[in-house]
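# Inside the fold
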Amino acid sequence: TRTNDKDNNNNNNKDFPRVQFTPRPSKSSLTEERERELLLEGERKKKDRRTREEIIRDDVQRTTKRAHAAVRAANWNRVLGGGGEAKEEEKERGGEIGGAEESVPIERQKSIRVGILGVPNAGKSELVNALVGAKVSAVSRKTNTTRMETIGTTTRDDTQVVFLDLPGIVGPEHYRNRAHESKVTSGWAAASTCDAILFVVDANRQAKKADWRVRETIDAMTEQMRKLRYEEFLFPEEDEDEEKDEENEKDDVVTNKAAPPPGILVLNKVDLMDRSKRSEQLPELIQSLATDPKKTFSKAFPVSALHSVGTETLFNHLISLAKPRPWDYSPSESTAMNDRSRAIEVVRESVYDQVHKEICYGIEIVHKSWEDFRDGSVRIEHDLFVKSGGNRKIVVGKDGRTIGQIGVKARHVLEALLGRRVHLLLNVRVKRTNARYSQQFLSALY
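Just so we're clear, the structure is a prediction, and the values are computed from it rather than from any experiment.

What counts, and where the lines are drawn
- Residues numbered from 1 in each chain as written.
- Predicted model: local features only at pLDDT ≥ 70, side-chain atom pairs only at ≥ 80, totals over all residues.
- Heavy atoms only, no water.
- Helix = DSSP H or I, 4+ residues; strand = E, 2+ residues; numbered from the N terminus.
- Buried < 20%, exposed > 50% of the residue type's maximum accessible area, 1.4 Å probe, protein only.
- Contact = heavy atoms within 4.5 Å.
- Core = buried A, V, L, I, M, F, W, Y, C linked by side-chain atoms within 4.5 Å.
- pLDDT = per-residue confidence, 0-100.
- Pairing = 2+ DSSP bridges.
- Phe/Tyr/Trp six-rings, centres within 6.5 Å; stacked < 30°, edge-to-face > 60°.
- Axes fitted to C-alpha atoms, helices over the stretch in contact; angles between N-to-C directions.
- Parallel < 35°, antiparallel > 145°, perpendicular 65-115°, else oblique.
- Salt bridge = Lys/Arg side-chain N within 4 Å of Asp/Glu carboxyl O.
- Expected span 1.5 Å × (residues − 1).
- Left-handed = near helix turned anticlockwise from the far one by under 90°.
- Nonpolar A, V, L, I, M, F, W, Y, C, P; charged D, E, K, R; others polar.

Within the protein one finds 16 helices and twelve strands. When burial is assessed residue by residue, the protein has 41% of its 446 residues classed as buried. When contacts within the protein are restricted to residue pairs at least 6 apart in sequence, long-range pairs at least 24 apart make up 73% of them.

As C-alpha cells, this is what we get:
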C-alpha cells in the first residue's frame, strides 16, 4: 500500500506541474514601455509624413515638366520673350514688328479679320495660339473651354491679322440652357463681321467616326452669314416737304451688299491620324466636306496646331486676302486682353486640366490682387469660387495636392508669358448664394 501511495503521488506531480508566477512589473517599467511605444509610433508617423512629402514633390516635378512641355510645344514664348534668346529674337525683329507702326504709313497698311468657327473640342484655341504665336486662349481637353470671344493679333510687314476665337458652334437641339444659346448666337454674330472664316474640323475624329454636327453646322453656315450680312435697313430721314417719290424711297432702303466672307476648311489634328491611311483619308474628308453646291469653302488646309505643322501655309494664304485698311491694334500687341485677364485664362486652363467631370464648369475664377515688386517679380492672387463644400474638398485635394498642381502649372506658364518671376496665390472658397439664384449662377458659367 505504501508503494502504491508513492506511485500515486508521483503521477499527481507529473500531471499537475507547478506554476511559476512572475512578479508584477513596477510603475517605472510600464512608463518605459509606454515611452518606447510612443517613440516607435512617432518614428512611424515621421516616416509616413516623409513619404507624403516625397509624393507631393514627385507630383510637383511631374507637373513642372508638363508645363514646360506645353510651353515648348505651343512655341508662343518667342513673342513675349520668356528667356534670353526669345528677347534677343524680339529685339532683332523690333524693326519689323515693334517699329512697324512708325515705318509703315497708314496708306500702305493692310488688315484682315478672321473668325474661327467649328464644333466644340476641334482645336480652335490651339490653332489661334499657333497662328498668333502667343498664349491667347485657354486650351484644354474639356469641351466648351472657350466661353467668350477672344481676340488675338499678329503683324507681319505691312499686314495685320486679327483672329477671333469663338465658342463652339452647335445646333439649337444641343443648347443646354439660355447661356449656351447666347454664346452660340454671339459666335455667329461675331463671325459675320469677319473678312474670312476658318472652319476647324477634327480630322482624326471625323475620319474614324463622322460627327454629324459638322455637316449640320456647315449647312447652316451659309444661311447664317446670309441672314446676318444681307439685312435691309431703312433710314428714317424725313425731308422738309415730307413728300417722297417711290424712287427716293428705294434709295433710302440700303442693303448690305458686301460679299459673304470666304470660308476656309481647316483639317486639324492630322498628326493623330494613321500614317498609312492619311493619304487616302484626307482627300476623302475634303471631298465630303468642302465640295457642296453652295461653295462654302474656297480652300482646304490640313494642319497640326499642336506641332505647328501647316500653319505657316495657312497664315500666308490669310495674308494674301488682307484688304487695304488701317490697323486696329498696335503691332507689338498679341491680344486685346490685359495681363490680369490673361492670368485668369491661364489659371482656368490649369483648373480644366486637373479637375475632372462637371465640377470645373462650376468654378468661378475672380482676380483679387496684383502687386509688382522692386525685383521685377509680381504677386498675383485669385479666388476660386465653387458651389459647395464637397466641391471645395475635390478642388483642394488630399493634402492640397490638386490645388498645388494647379498653381505649379499656372505659375510656370505665367512666368513664360510675362517674362518675370510670378508668386501665385490661389484661394478656394465656397460661393455663398441663395438657392433661388444657384441655377442662374451655374448656367451663366457654363
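Of all hydrophobic cores here, the largest spans 55 residues; its most connected members are Phe-163, Leu-198 and Phe-199. Among the elements that take part in this core, strand 4 (residues 196-202) stands out by supplying six residues, more than any other. Of all hydrophobic cores here, the second largest spans 28 residues; its members include Val-355, Ile-359, Val-422 and Val-428.

This next bit is on the confidence of the model for the protein. Of all residues in the protein, 68% have pLDDT values of 70 or greater, and the mean over the chain is 76. Confidence drops under pLDDT 50 across residues 74-101; counting only partners more than four residues distant or on other chains, this segment forms 48 contacts. Under a pLDDT of 50 for its full length, residues 435-446 has, in the predicted model, 20 contacts with residues more than four places off or in other chains.

Of all the seven residues making up strand 2 (residues 150-156), six are buried; the element is thus mostly covered by neighbouring parts of the structure. As judged from the seven bridges shared by strand 2 and strand 3 (residues 159-165), these two strands associate in the antiparallel manner. Bridge pairing in strand 3 links Gly-152 to Phe-163. Hairpin connection from strand 2 to strand 3: two residues lie between these consecutive antiparallel strands, with Asp-157 at a positive phi of about 60 degrees.

Our focus in this paragraph is the environment of Val-132. Structurally, Val-132 is set in helix 6 (residues 124-132). On the basis of relative accessibility, which here comes to 4%, the residue Val-132 falls in the buried class. Between the C-alpha atoms of Val-132 and Val-161, which are 29 residues apart in sequence, the distance is 8.6 Å.

Another point: the packing of aromatic side chains. The final tally for this structure, using the stated rule, is two aromatic pairs. Taking the centre distance of 5.9 Å and the plane angle of 50 degrees together, the rings of Phe-199 and Phe-297 count as tilted. A residue pair is termed long-range when its members are at least 10 positions apart, and Phe-199 in strand 4 and Phe-297 in strand 8 (residues 297-302) qualify at 98 residues. Residue classification places Phe-199 among the buried residues on the basis of a relative accessible area of 1%. Its relative accessible area of 8% is what places Phe-297 among the buried residues. With centroids separated by 5.6 Å and ring planes inclined at 80 degrees, the aromatic side chains of Tyr-352 and Tyr-361 adopt a geometry described as edge-to-face.

Take the packing of helix 6 against helix 12 (residues 311-320) next. Contact geometry for helix 6 and helix 12: axes closest at 10 Å, N-to-C directions at 75 degrees. Classified by the angle between their axes, helix 6 and helix 12 sit roughly perpendicular to one another. Contacts from Leu-127, Ala-130 and Leu-131 in helix 6 reach Thr-311, Leu-314 and Phe-315 in helix 12.

This paragraph deals with the environment of Val-184. By secondary structure assignment, the location of Val-184 is in helix 7 (residues 178-192). Linking Val-184 and Met-148, residues 36 residues apart in sequence, is a C-alpha distance of 9.5 Å. Here Val-184 is in contact with Gly-168, Ile-169, Val-170 and Tyr-175, once residues within four sequence places are set aside.

Below, the discussion takes up the sheet that holds strand 11 (residues 378-386). One open sheet holds the three strands; their spatial order is 10-11-12, and the pairing between them is mixed. With one partner strand each, in any of the chains shown, strand 10 (364-372) and strand 12 (422-430) form the two edges of the open sheet. In this sheet, adjacent strand axes meet at a mean angle of 15 degrees when their direction is disregarded. Two strands pair when backbone bridges link them, and strand 11 and strand 12 are joined in this way by nine bridges, in the parallel orientation. Opposite Leu-384, over in strand 12, you have Val-428 as the bridge partner. The sheet strands contacting helix 13 (residues 339-354) are strand 10, strand 11 and strand 12, and the helix crosses strand 10 at an angle near 130 degrees. Helix 14 (residues 389-396) contacts strand 11 and strand 12 of the sheet and is inclined by roughly 155 degrees relative to strand 12.

Our focus in this paragraph is the pattern of salt bridges. By the definition in use, this model includes 16 salt bridges. Salt-bridge contacts for Asp-372 lead to Arg-420; the nearest nitrogen and oxygen are separated by 3.2 Å. Here Asp-372, found in strand 10, pairs with Arg-420, found in the loop between helix 15 (401-418) and strand 12; they are 48 residues apart in sequence, far enough to count as distant. Its relative accessible area of 46% is what places Asp-372 among the partly exposed residues. According to the relative accessible area criterion, Arg-420 is partly exposed, its value standing at 28%.

Now for helix 7. Look at helix 7: 21 Å from first C-alpha to last across 15 residues, which is about the 21 Å you get at 1.5 Å a residue. Among all positions of helix 7, only Ala-179, His-180, Lys-183, Val-184, Gly-187, Trp-188, Ala-190, Ala-191 and Ser-192 are buried.

Next up on the list: the packing of helix 13 against helix 15. Interaxial distance between helix 13 and helix 15 falls to 9 Å at its minimum, and their mutual angle equals 140 degrees. With respect to their mutual orientation, helix 13 and helix 15 come out oblique. You can see that helix 13 and helix 15 cross each other, and the crossing is right-handed. Only Thr-402, Gln-405, Ile-406, Lys-409, Ala-410, Val-413, Leu-414, Leu-417 and Leu-418 of helix 15 make contact with helix 13, whose side of the interface consists of Asp-339, Arg-342, Ala-343, Val-346, Val-347, Ser-350, Val-351, Asp-353 and Gln-354. Its residues assigned to classes, the contact of helix 13 with helix 15 comprises ten nonpolar, four polar and four charged.

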